[in-house]
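What follows is the residue order along each chain.
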Amino acid sequence: MKNINGGVCAAKGFKASGIHVGVKTKNKDKKDLALIVSDCDCTAAAVYTKNIVKAAPLDVTKEHLKNGKAKAVFVNSGNANACAPLGLENAKRMCSSAAEALGIGESDVIVASTGVIGQTLPIEVIENGVNQLVGELSDTGSQNAAAAIMTTDLTMKELAVEFNVGGKLCKLGGIAKGSGMIHPNMGTMLAFLTTDCAISSEMIHKALINTTNISFNRISVDGDTSTNDMLSLMANGLAENAEITKPGADYEIFAEALNFICVELAKMIAADGEGATHLIICTVKNAPDEETAEILAKSVISSTLVKAMIFGKDANIGRILCAMGYSGAGFDPHTIDIVLKSTAGYVTVCENGTGIKFDEDLALKILTEHDITIDISMNAGTAECTCWGCDITYDYIKINGDYRT
């Protein structure tokens, strides 16, 4: 497996585009409508937010994917179409407009939205822009699509890999968005994946569930699970490998590529948290089991006080131990060792659950780097887990204090 260029257009038979149509009214330089299309029919599946309050596009997409097939992904940014007047009707109108312009069935369209919640989607500007969007479809259009799904994101999130299945070269690529309201409980904020590997929709769904548990479900920016979270994957089979229909060696190879893509996209989202200046990487090792390690690591990266500690470059172990203590996981606090790491070096700040003297100047130097690792050893087993988060800054409040207005 190796990294390649192309994002969602890396795999054979996929094209994408992204344009500005006017959903975002304040900045006409920002794209707000994206389209991803396969030249042929695809097997497909998706996973969604577990938030009880769900955006209308999720309900429409769920219905469309009941047959395990799709051919296009149609997404707008700037308006979430969640808790909005005419939400379901407008989500369906999005599908109808894309289907008509592409000459495909409405049920072949995966639809998604992201942006402000509770406001009516300006469906007319989307419908008016569909023909231009279709006209700009290109096998080099992944970055335009990635830009069009961004809201408060500062960085584009795009990745692709190639791998061999049954003697056939396969490619898998994806784009994602997410910066705030990030604390998934299913999969991701918005992420769209494409592959030319031949794999059944049932196996896609199995792979998506497994990969979300070790990628997107292990990140947190602010503790808020969105109403719009969705991760979808379309597979058109143009790599001509024998279709993967059951677990086995071919499935494991595909799953490894999928896991890599999703973990890397998840890390990009965590690093791009609203107002963030640091990526926090928390690894809990020597744990009795992976579940315990995950609960503890996620509690640490989700802690507001740990986030503030990293922002302030203050090696305060009390923040970390406190977050572990209320996580709900059972453990012996007297066996915990904590090391802070970055490219500037490492410093041990806690041994056997007790703070120790350490070089404060070195700790400050370590915490000045962008990527900060909190390495926690439980000394109670061999399992481990890594989760990713970011610091919280004054800018987070500025961005979200007047997000709607």
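So, here is what we can say about the structure in this document. In this text the structure is predicted, and so the values were computed from the model without any measurement.

Conventions adopted
Residues numbered from 1 in each chain as written. Predicted model: local features only at pLDDT ≥ 70, side-chain atom pairs only at ≥ 80, totals over all residues. Heavy atoms only, no water. Helix = DSSP H or I, 4+ residues; strand = E, 2+ residues; numbered from the N terminus. Rg over C-alpha atoms; globule rule 2.2 N^0.38 Å. Buried < 20%, exposed > 50% of the residue type's maximum accessible area, 1.4 Å probe, protein only. Contact = heavy atoms within 4.5 Å. Areas by Shrake-Rupley, 256 points an atom, 1.4 Å probe, with all protein chains shown as cover. Lys, Arg positive; Asp, Glu negative; His and termini not counted. Charge placed at Lys NZ, Arg CZ, Asp CG, Glu CD. Pairing = 2+ DSSP bridges. 1 Å grid on protein atoms, 1.4 Å probe; cavity = no way out; pocket = protein on both sides within 12 Å on 5 of 7 lines; lining within 4 Å. Points joined across faces, edges and corners; volume = space filled by probe spheres on them. Polar contact = N/O pair within 3.5 Å; in protein donor to acceptor, adjacent residues only side chain to side chain. Arc of directions from axis to C-beta. Core = buried A, V, L, I, M, F, W, Y, C linked by side-chain atoms within 4.5 Å. Axes fitted to C-alpha atoms, helices over the stretch in contact; angles between N-to-C directions. Parallel < 35°, antiparallel > 145°, perpendicular 65-115°, else oblique. Left-handed = near helix turned anticlockwise from the far one by under 90°. Nonpolar A, V, L, I, M, F, W, Y, C, P; charged D, E, K, R; others polar. Salt bridge = Lys/Arg side-chain N within 4 Å of Asp/Glu carboxyl O. Patch = residues over 30% accessible without salt bridge, like charges linked within 9 Å, V, L, I, M, F, W, Y side chains within 5 Å. Phe/Tyr/Trp six-rings, centres within 6.5 Å; stacked < 30°, edge-to-face > 60°.

In this section: the overall build of the protein. Along its length, the protein carries eleven helices and 16 strands. Its C-alpha atoms give the protein a radius of gyration of 22 Å, within 12% of the compact-globule value 22 Å for 405 residues. If you line up the protein on its principal axes, its C-alpha atoms span 70 × 55 × 35 Å. When the 405 residues of the protein are sorted by exposure, 55% land in the buried category. When contacts within the protein are restricted to residue pairs at least 6 apart in sequence, long-range pairs at least 24 apart make up 80% of them. Approximately 16200 Å² of the protein is accessible, and the part contributed by carbon and sulfur atoms is 49%. Here the protein contributes 34 positively and 48 negatively charged side chains, and the mean placements of these two sets differ by 2 Å.

Sheet topology note: the strand S12 (residues 337-342)/strand S15 (residues 371-377) ladder contains five bridges and is antiparallel. In the strand pairing of S15, Lys341 is matched with Thr373. Inspection of the sheet shows S12 paired to strand S13 (residues 345-351) by five bridges, in the antiparallel sense. The residue of S13 that forms the bridge with Ser342 is Gly345. Connecting S12 to the next strand, S13, in antiparallel fashion are two residues.

Read from one edge to the other, the open sheet built from seven strands follows the order S9-S16-S11-S15-S12-S13-S14, with strand pairing classed as mixed. Of all the strands in the sheet, just strand S9 (219-220) and strand S14 (354-355) have a single pairing partner and so form its edges.

Quick look at empty space enclosed by the protein now. Picture a little ball the size of a water molecule; that probe, rolled over the atoms, points out where space is still empty. Overall, the coordinates contain one cavity of 30 Å³ or more when judged by the stated rule. Looking at the largest cavity, its volume works out to about 30 Å³. Lining the largest cavity are Val221, Asp222, Glu274, Lys307, Cys390, Asp391, Ile392 and Tyr396.

Position of Thr114 relative to the elements: it lies in strand S5 (residues 109-116). Assessed through its relative accessible area of 8%, Thr114 is described here as buried. Among the polar contacts listed, one links the side chain of Thr114 to the side chain of Lys177, at a separation of 3.0 Å. In contact with Thr114, not counting residues within four places along its chain, are Asn76, Ser77, Gly78, Asn79, Ala80, Ile149, Thr151, Lys177, Leu190 and Asn228.

Listed in full, the buried residues belonging to helix H8 (residues 304-311) are Val306, Lys307, Met309 and Ile310. Each buried residue of H8 sits inside an arc of 160° when the element is viewed along its axis, so together they form one side. Put simply, Ser303 is the residue that caps the front of H8, since its side-chain oxygen is 3.3 Å from the backbone nitrogen of Leu305. Just past H8, the residue Lys313 takes up positive phi, approximately 55°.

This part takes up the nonpolar core. Counting 40 residues, the largest nonpolar core has Phe163, Leu172, Leu193, Leu208, Phe216, Phe254 and Leu258 as the members making the most contacts within it. Those elements giving two or more residues to this core turn out to be strand S3 (33-48), strand S6 (157-165), strand S7 (168-177), strand S8 (190-195), helix H5 (201-214), strand S10 (230-235), helix H6 (249-271) and strand S11 (279-287). Ignoring sequence-local partners within four residues, the contact set of Leu172 consists of Leu159, Ala160, Val161, Phe163, Leu193, Thr194, Thr195, Leu233, Ala257, Leu258 and Ile261.

Another aspect to go through is the environment of Ile126. Structurally, the position occupied by Ile126 is in helix H3 (residues 123-135). Classification of Ile126 as buried rests on a relative accessible area of 0%. Excluding residues that lie within four positions of it along the chain, Ile126 makes contacts with Val21, Val23, Leu33, Phe74, Asn76, Met94 and Leu121.

This next bit is on the packing of helix H1 (residues 56-64) against helix H2 (residues 87-102). For the pair H1 and H2, the least separation of the axes is 8 Å and the interaxial angle reads 55°. Comparing the axis directions of H1 and H2 gives the class oblique. Relative to H2, H1 is oriented so that their crossing is right-handed. Where H1 approaches H2, its residues Ala56, Pro57, Val60 and His64 are matched on the opposing element by Gly87, Leu88, Ala91, Lys92 and Cys95. Split into classes, the residues belonging to the contact of H1 with H2 amount to six nonpolar, two polar and one charged.

Attention now goes to the pattern of salt bridges. This model, assessed by the stated rule, comprises 13 salt bridges. Among the ionic pairs, Lys398 bridges to Asp395, the shortest N-O distance being 3.8 Å. With Lys398 and Asp395 both in helix H11 (residues 394-401), this residue pair falls three residues apart, about one helical turn. When its relative accessible area of 58% is taken as the criterion, Lys398 is described as exposed. With a relative accessible area of 38%, Asp395 lands in the partly exposed category.

Moving on to a negative patch on the surface. On the surface, Asp314, Asp359, Glu360 and Asp361 cluster together into a negatively charged patch. Here Asp359 is to be found in the loop between S14 and helix H10 (360-368). Judged by its relative accessible area of 43%, Asp359 is partly exposed.

Scanning all chains against the criterion turns up two aromatic pairs. An angle of 90° between the planes, with centres 5.3 Å apart, marks the rings of Phe311 and Tyr394 as edge-to-face. One end of the pair, Phe311, is in helix H8; the other, Tyr394, is in helix H11, and 83 residues separate them in sequence. Take Tyr394: its relative accessible area is 62%, and that puts it in the exposed class.

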